[in-house]
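Notes for the structure review
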Amino acid sequence: MKIVSINAMRGPNYWSIRRHKLIVMVLDLEEMEELPSNKVDGFYERLAKMFPGMYEHRCSVGEPGGFFQRVEEGTWMGHIIEHIALEIQTLAGMDVGFGRTRTYGEKGVYSVVFAYMEEKVGRYAARASVRICEALISGEDYDMSEDIQEMRELRESERLGPSTGSIVNEAESRGIPWIRLNKYSLCQLGYGANQKRIQATVTSETSSIGVELACDKEDTKYLLEQAEVEVPKGDIIRRERSLEEACNYVGYPLVVKPIDGNHGRGITVDIQNYDDALEAFRKAKESSRSGAIIIEKYITGEDYRLLVINNVMVAAAKRTPAHVIGDGKSTIQELIDKVNEDPRRGYGHEEVLTQITVNDLTKTIIAAKGYTTDSVIDEGEMLVLKDTANLSTGGTAEDVTDIVHPANVAMVERISKIIDLDICGVDIMTTDISKPLSETGGAVLEVNAGPGFRMHLAPTTGLPRNVAAPVIDKLFPIKGDTGRIPIVAVTGTNGKTTTTRLIAHIAKLKGHRVGYTTSDGVYIQNRLLMTGDCTGPASAEFVLKDPTVNFSVLECARGGLLRAGLGFKKCDVGIVTNVAADHLGLKGIHSIEQLAKVKGVIPETVLPDGYAILNADDDLVYNMRRTVDCNVALFSMDENNPRIKALQRLNGITAIYESGYVTICKGEWKMRVMRADDIPLTYGGRAKFMIQNILPAVIAAHVQGISIEDTKAALESFIPSPSQTPGRLNLFKFNNFSVLLDYAHNPAGMRALQKFTDNLDATVKVGIIAGIGDRRIEDNNEMGSIAAEMFDEVIIRQDKHLRGKSEDELIKMLDDGIKMKDPNKKTIIIPSEREAINYAVKNARQGSLIILCSDVVPDALELVTELKEKEARGELEFS
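The following paragraphs examine the structure supplied in this document.

Thresholds, definitions, all that
Residues numbered from 1 in each chain as written. Predicted model: local features only at pLDDT ≥ 70, side-chain atom pairs only at ≥ 80, totals over all residues. Heavy atoms only, no water. Helix = DSSP H or I, 4+ residues; strand = E, 2+ residues; numbered from the N terminus. Buried < 20%, exposed > 50% of the residue type's maximum accessible area, 1.4 Å probe, protein only. Contact = heavy atoms within 4.5 Å. Areas by Shrake-Rupley, 256 points an atom, 1.4 Å probe, with all protein chains shown as cover. Lys, Arg positive; Asp, Glu negative; His and termini not counted. Charge placed at Lys NZ, Arg CZ, Asp CG, Glu CD. Phe/Tyr/Trp six-rings, centres within 6.5 Å; stacked < 30°, edge-to-face > 60°. Lys NZ or Arg CZ within 6 Å of the ring centre and 35° of its normal. Pairing = 2+ DSSP bridges. Axes fitted to C-alpha atoms, helices over the stretch in contact; angles between N-to-C directions. Patch = residues over 30% accessible without salt bridge, like charges linked within 9 Å, V, L, I, M, F, W, Y side chains within 5 Å. Salt bridge = Lys/Arg side-chain N within 4 Å of Asp/Glu carboxyl O. Parallel < 35°, antiparallel > 145°, perpendicular 65-115°, else oblique. Left-handed = near helix turned anticlockwise from the far one by under 90°. Nonpolar A, V, L, I, M, F, W, Y, C, P; charged D, E, K, R; others polar. Right-handed = clockwise from strand over helix to strand, strands pointing away. Arc of directions from axis to C-beta. Polar contact = N/O pair within 3.5 Å; in protein donor to acceptor, adjacent residues only side chain to side chain.

**Quick notes on the overall build of the protein chain**
Assigned secondary structure in the protein chain consists of 30 helices and 38 strands. Relative to its full complement of 879 residues, the protein chain shows a buried share of 55%. Intrachain contacts of the protein chain at a sequence separation of at least 6 include 67% that bridge at least 24 residues. A total accessible area of about 37000 Å² is found for the protein chain, and carbon and sulfur atoms account for 47% of it. Distance between charge centres in the protein chain, computed from 104 positive and 125 negative side chains, equals 5 Å.

What follows is the structure, encoded as structure tokens:
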């Protein structure tokens, strides 16, 4: 078996609109193609023994045991691998269940699709499942334990922490989109100019002064003392020689901790003598950046964390360090193992509680009590194993929110304002949180910026608290605010770039700060920031992450959709211009119907109150209306199209080309925008395919609240030129001839261009064409045949976009197509595009038209512009 490719979907995709996290592994079974599971001796038994949990896999049978029934009857190894990949992730603590295995369109090659929680885990599971299947076929022993542990560790290193994850989940539940901005916990909630950011539980609205104060325990304590808040007596020292004096001043028992520490690092509590204080001081020094150490009175009592969000206490928990309780029989290690058997305890953050690990600190604490891990402690004796009560080190938490005394509530809410933190955790030591600190002798130990939420979200005992909700309430205080910006997504075989640029132009003139993606780059407010084909999910995210953008128009091509899915989950407007045969035979897409399903992802992601704008003249596009959950608007070049008439009778929105006008219709009422002949993009109405691009653009503007007057003004100022429509009908008029540059790169695009050039007068029409390596032979043949119809002379060039084929192969495909149509057509082969253009210009006849069909627009534009400048200087030479 051979893995051809592994791709991770991260958004709506060809395989599923709702399930965004999918691994798509293309697998060549090679000799296994003819080897179903029931033809391998002992395979069923070995699989069932290795994966008893697979009995729960229902598969297409639809009941428990269904998958094993399929295995017994005989199923392909690609299907087996899909279920292994799902099961090993479940065994590693990630319960995923969605999977599909489909033929890739080539003999023995399959697309194995399965869900993942963390991308690196999913990719690992893909490779591991193939290894395991090969071992099952050969009958070799296979130890999965290393794979399972590796996946657990990958998950912990990649996943969002419980605090960040809870905020993101709460945002998602309210329809707020989010983007992870780095590999840690920095996340963006909302899009563009409406975004907010979080990093763990620090938000974009958190005071930097407040964070600095909380990190400086000296300043924090000073401010709280000045505000008459109960804090422990203490001193701050930097040198070891000052330690003894500080200990005598404060008095035992002591706490020693670094002034700038966090998460319990470097803290030692209940110190009873100077020797222990000296050891604790040195330990604290190791965890301190500033070198300043707090020597503080150890307050007896229990450890409480009170969480304050937006100056309101929302939760409180009593924290207990990791510990064991003796039974008079078991060793300390056995007691720890027994505690770790609790199903609520897992590796890292995978469960509610974390397993207790025995490290050097634990051994030191145990030794301080006169024990080793092999010691047996008395029945009922509690032995603390860690020096802090953090859940991440095995501690437990009990929710006490409902019993906190009002005086203590008022105190911590006041503290949040004193330190100036929108989210903070106040640590209190007291014997009874239901009584004021003034009565119990308790004290405030610390104020924490970026406090962990885990103890409140999933306490060991007591009521879980949704503490993420008040964070989202603060960041998005207006009810229903999702932090979105308008997203207009455009797809189709041809016309999508021009449609994208036109919509962006209309929105920009309306006053929006527009970001848009195209096949030639990413633009923010018409400033080109990324070059190249930028029609995939990464480019879409680039725009949506930009804090200056408040309106986005995103061109979405087939390649990105199949490689990683969309870069957004929902859009406001989804446009499909058309679907024609292009890129067939690639990435498992072999038919135009499959291609239509890929393009159909865009309208299926439109929000319920948004609009899918579909081409009523294209059967495949029109049929997409059946799978959408939103409003549908249609456009057509024929006002009498029955599909248009039917929607108009339902009072729907349509755009039509009628009586020479571009017209929007609400129901049957017509609202004429302007004459098509007067729109520069149409070249006086001769470029009919440009009218077809304009129709969905004017609907998109209309449903986004842009007036017809503003739309008309934008259409009048949108000039087909290298600056506004690079590579789309760019006409350069030289003194004695003209050059037309267009991106036509498939048969449908060539046919549309042909209809336009047939209406242009010229003494002779010379075409420069090229084949493209990732098209089928018949597609390149057809390009040649169309060229033979369009041009009096044809120049074949071929130095770019070979994509797996040779120059000679592609040139032959085009030449064969030309000869099929006209064996006598004058044809010249000049492989270099630059040399081909120079040759055509140098040999241009009076009144001729050179039509350059280029798939690398910037290079061609640069050369033609250079030649135009040479002519202006009188330097252009002719034969």
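**Notes on the packing of aromatic side chains**
Applying the stated criterion across every chain yields a total of 6 aromatic pairs. Aromatic side chains Tyr-516 and Tyr-523 sit 4.9 Å apart centroid to centroid with 10° between the ring planes, which places their arrangement in the stacked category. Taking the relative accessible area as the measure of exposure, Tyr-516 reaches 4% and is therefore buried. Look at Tyr-523 and you get buried, because its relative accessible area is 9%. An aromatic cluster is defined as three or more aromatic residues linked by ring pairs; in this entry it consists of Tyr-44, Phe-67 and Phe-68. Above the plane of the ring of Tyr-124 lies Arg-131, whose end atom (NZ or CZ) is 5.6 Å from the centre. The ring of Tyr-249 carries Lys-233 above its face, with NZ or CZ at 4.4 Å from the centroid.

**With respect to the sheet that holds strand β1 (residues 2-9)**
Strand order in the open sheet formed by 4 strands is β1-β2-β4-β3, and the pairing between neighbours is antiparallel. Across the chains shown, the open sheet's two edge strands, defined by having one partner strand only, are β1 and β3 (99-103). Direction aside, the axes of adjacent strands within the sheet are offset by 15° on average. The sheet contact formed by β3 and strand β4 (residues 109-115) spans 5 bridges and is antiparallel. Residue pairing in the sheet places Gly-99 in a bridge with Phe-114 of β4.

**Some details on a positive patch on the surface**
Taken together, the side chains of Arg-18, Arg-19, Arg-100, Arg-102 and Lys-597 present a region of like positive charge at the surface. Secondary-structure assignment places Lys-597 in helix α20 (residues 592-599). For Lys-597, a relative accessible area of 47% puts it in the partly exposed group.

**Some points on the packing of helix α6 (residues 162-173) against helix α16 (residues 468-475)**
At a minimum axis separation of 9 Å, α6 and α16 run at an interaxial angle of 60°. As the angle between them shows, α6 and α16 are arranged oblique. The interaxial crossing formed by α6 with α16 has right-handed handedness. In contact with Ser-166, Ile-167, Glu-170 and Ala-171 of α6, α16 contributes Ala-468, Ala-469, Val-471 and Ile-472. In the contact of α6 with α16, the residues fall into 6 nonpolar, 1 polar and 1 charged.

**Focus on the environment of Leu-502**
Along the chain, Leu-502 falls in helix α17 (residues 496-509). In sequence terms Leu-502 and Phe-718 are 216 residues apart; their C-alpha atoms lie 7.2 Å from each other.

**Regarding a nonpolar patch on the surface**
Together, Ile-325, Met-382 and Val-384 make up a nonpolar patch on the protein surface, roughly 240 Å² of accessible area in all. With respect to the helices, strands and loops of the structure, Val-384 is situated in strand β18 (residues 382-384). Assessed through its relative accessible area of 30%, Val-384 is described here as partly exposed.

**Side note on the sheet that holds strand β35 (residues 765-769)**
Spatially, β33-β34-β38-β35-β36-β37 is the arrangement adopted by the 6 strands of the open sheet, whose pairing is mixed. Bordering the open sheet on either side are β33 (730-733) and β37 (826-829), each of which pairs with just one other strand. Averaged over all neighbouring strand pairs, the angle between strand axes comes to 20°, with direction disregarded. Relative to strand β36 (residues 793-796), β35 runs parallel, the two sharing 4 bridges. Within β36, the position partnered with Ile-769 by the bridge is Ile-796. Strands β35, β36 and β37 of the sheet are contacted by helix α28 (residues 807-821), whose axis makes an angle of about 165° with β36.

**Observations concerning the pairing of strand β30 (residues 653-658)**
Along β30, 6 of the 6 residues are buried, which leaves the element largely enclosed by surrounding structure. Going residue by residue along β30, you find Ile-653, Ala-655 and Tyr-657 tucked away on one face and Thr-654, Ile-656 and Glu-658 tucked away on the opposite face as well. Judged from the 3 bridges that link them, strand β29 (residues 631-636) and β30 form a sheet pairing that is parallel. Its bridge partner lying in β30, Ser-636 is registered against Ile-656. Read from β29 through helix α23 (residues 642-649) to β30, the crossover connection turns out right-handed.

**Remarks on the pattern of salt bridges**
Using the criterion set out here, one finds 45 salt bridges in the structure. The salt bridge involving Glu-658 is made with Arg-672; its shortest N-O contact spans 2.8 Å. Placement of Glu-658 in strand β30 and of Arg-672 in strand β32 (residues 669-675) is noted, with a sequence separation of 14 residues between them. The partly exposed category is assigned to Arg-672, whose relative accessible area is 43%. Beyond isolated ion pairs, a larger network of salt bridges with shared partners links Lys-217, Lys-221, Lys-257, Glu-296 and Glu-446.

**As for the packing of helix α1 (residues 43-50) against helix α2 (residues 66-73)**
Remark: α1 packs on α2, axes separated minimally by 9 Å, with the N-to-C direction vectors making an angle of 160°. Relative to α2, the element α1 is oriented roughly antiparallel. For the pair α1 and α2, the crossing hand works out as right-handed. Packed against α1, whose contacting residues are Phe-43, Tyr-44, Leu-47 and Ala-48, the element α2 presents Phe-67, Phe-68, Val-71 and Glu-72 at the interface. In terms of residue class, the contact of α1 with α2 is made up of 7 nonpolar, no polar and 1 charged.

**Remarks on the environment of Lys-508**
Along the chain, Lys-508 falls in helix α17. Taking relative accessible area as the criterion, Lys-508 reaches 30% and is therefore assigned partly exposed.

**Quick word on helix α8 (residues 217-226)**
Those residues of α8 that fall on the buried side of the exposure criterion are Lys-217, Thr-220, Lys-221 and Leu-224. Looking down the long axis of α8, one finds its buried residues gathered within 95° of arc, a one-sided arrangement. The opening residue of α8 is Asp-216, an N-cap whose side-chain oxygen sits 3.1 Å from the backbone nitrogen of Glu-218. Looking one or two residues beyond α8, the residue adopting positive phi is Glu-228, at roughly 60°.

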